[in-house]
Amino acid sequence: LPLSFGLLWLSACAQLPPAEHAAAVWWLTNLVWFHIGADILSGFFQVMPVMTDLYKRMTPAHASPRWADDRAHMDGGYALELLVEVPLAAWILWLLLRRDPAWRVVEVFGLAAQFAGTVAYYAPGIARGETACWLSWVDRLCASIWLMYPAWRLRCHVADARRDARAASGRKKA
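Residues numbered from 1 in each chain as written. Predicted model: local features only at pLDDT ≥ 70, side-chain atom pairs only at ≥ 80, totals over all residues. Heavy atoms only, no water.

Participant: Tell me about helix α3 (residues 49–58), and please be specific about residues and values.
Facilitator: For α3, every residue scored as buried is listed here: Thr52, Tyr55 and Met58. What you see down the axis of α3 is that its buried residues fit within an arc of 125°, all on one side. For α3, the exposed residues lying more than 90 degrees away from the buried face are Pro49, Val50 and Asp53. (Buried < 20%, exposed > 50% of the residue type's maximum accessible area, 1.4 Å probe, protein only. Helix = DSSP H or I, 4+ residues; strand = E, 2+ residues; numbered from the N terminus. Arc of directions from axis to C-beta.)

As structure tokens, then:
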């Protein structure tokens, strides 16, 4: 429900250029659903009835107690989300909606945290060849967006920085 209201509000009220609107949708969706609703509440605290069962089916280590050896790398990822990624997502969204130019710098940091967290969460299971069922592969396929989107946004920020630098150097010569 909060995600639906947030997305409606972004579409109706937030006057953002298309690229910034897309970034706002990314951070709102990650903040409200993926980080909190899915990973923290379903994977870490395991209080979401259907989602928790799905997590256990995709990765049987979720049936072990928190911080058990077979799931410690996942719990490290959940701690990263709870302590770093959720606050960063909220801050980035706030900066973006205020049109604060610092949002781009903070976003690169947040995207790097997401990218690194995704690698740290999935790499051990992939390296050990762990696959519980076809859902394990669907989960990994879906998770690849947390590698592709940050890489794409980094590319966009680099291009923007180079464009801004060229424009600034052109103004200095005039």
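Participant: Give me the layout of surface pockets: which residues, what numbers.
Facilitator: Roughly 570 Å³ of volume is contained in the largest pocket. In terms of lining, the largest pocket is formed by 28 residues, of which the most central are Asp39, Tyr55, Tyr122, Asp139 and Trp146. For the lining of the largest pocket, the elements supplying multiple residues, two or more each, are α2 (18–44), α3, α4 (72–97), α5 (103–127) and α6 (134–143). The element best represented in the lining of the largest pocket is α2, accounting for six residues. (1 Å grid on protein atoms, 1.4 Å probe; cavity = no way out; pocket = protein on both sides within 12 Å on 5 of 7 lines; lining within 4 Å. Points joined across faces, edges and corners; volume = space filled by probe spheres on them.)

Participant: Give me the lowdown on the side chain of glutamate 85, citing residues and values where you can.
Facilitator: Counting through the fold element by element, glutamate 85 comes out in helix α4. There is no salt bridge for the buried glutamate 85, and the closest opposite charge comes from arginine 153, which lies 15 Å off by N-O distance. At 3.4 Å, the side chain of glutamate 85 forms a polar contact with the side chain of histidine 35. Beyond its immediate sequence surroundings of up to four residues, glutamate 85 is in contact with His35, Leu80, Ala113, Gln114 and Gly117. (Lys, Arg positive; Asp, Glu negative; His and termini not counted. Salt bridge = Lys/Arg side-chain N within 4 Å of Asp/Glu carboxyl O. Polar contact = N/O pair within 3.5 Å; in protein donor to acceptor, adjacent residues only side chain to side chain. Contact = heavy atoms within 4.5 Å.)

Participant: Break down the pattern of salt bridges for me, with residues and values.
Facilitator: On inspection of all chains with the given rule, the structure shows seven salt bridges. One salt bridge in this structure joins aspartate 160 and arginine 163, with 3.0 Å as the shortest N-O distance. With aspartate 160 and arginine 163 both in helix α7 (residues 145–173) and three residues apart, the pair spans about one turn of that helix. A residue is classified by how much of its surface remains accessible, and aspartate 160, at 21% relative accessible area, is partly exposed. Here aspartate 164 ties to arginine 163 by a salt bridge, and the two come within 3.0 Å at their closest N and O atoms. Judged by its relative accessible area of 42%, aspartate 164 is partly exposed.

Participant: Please give an account of the environment of methionine 74 that cites residues and values.
Facilitator: Along the chain, methionine 74 turns up in helix α4. Under the relative-accessibility criterion, methionine 74 is labelled buried at 1%. Through-space distance from the C-alpha of methionine 74 to that of histidine 62 is 8.7 Å; in sequence the pair is twelve residues apart. Setting aside residues up to four positions removed in sequence, methionine 74 forms contacts with Thr59, Ala61, His62 and Tyr121.

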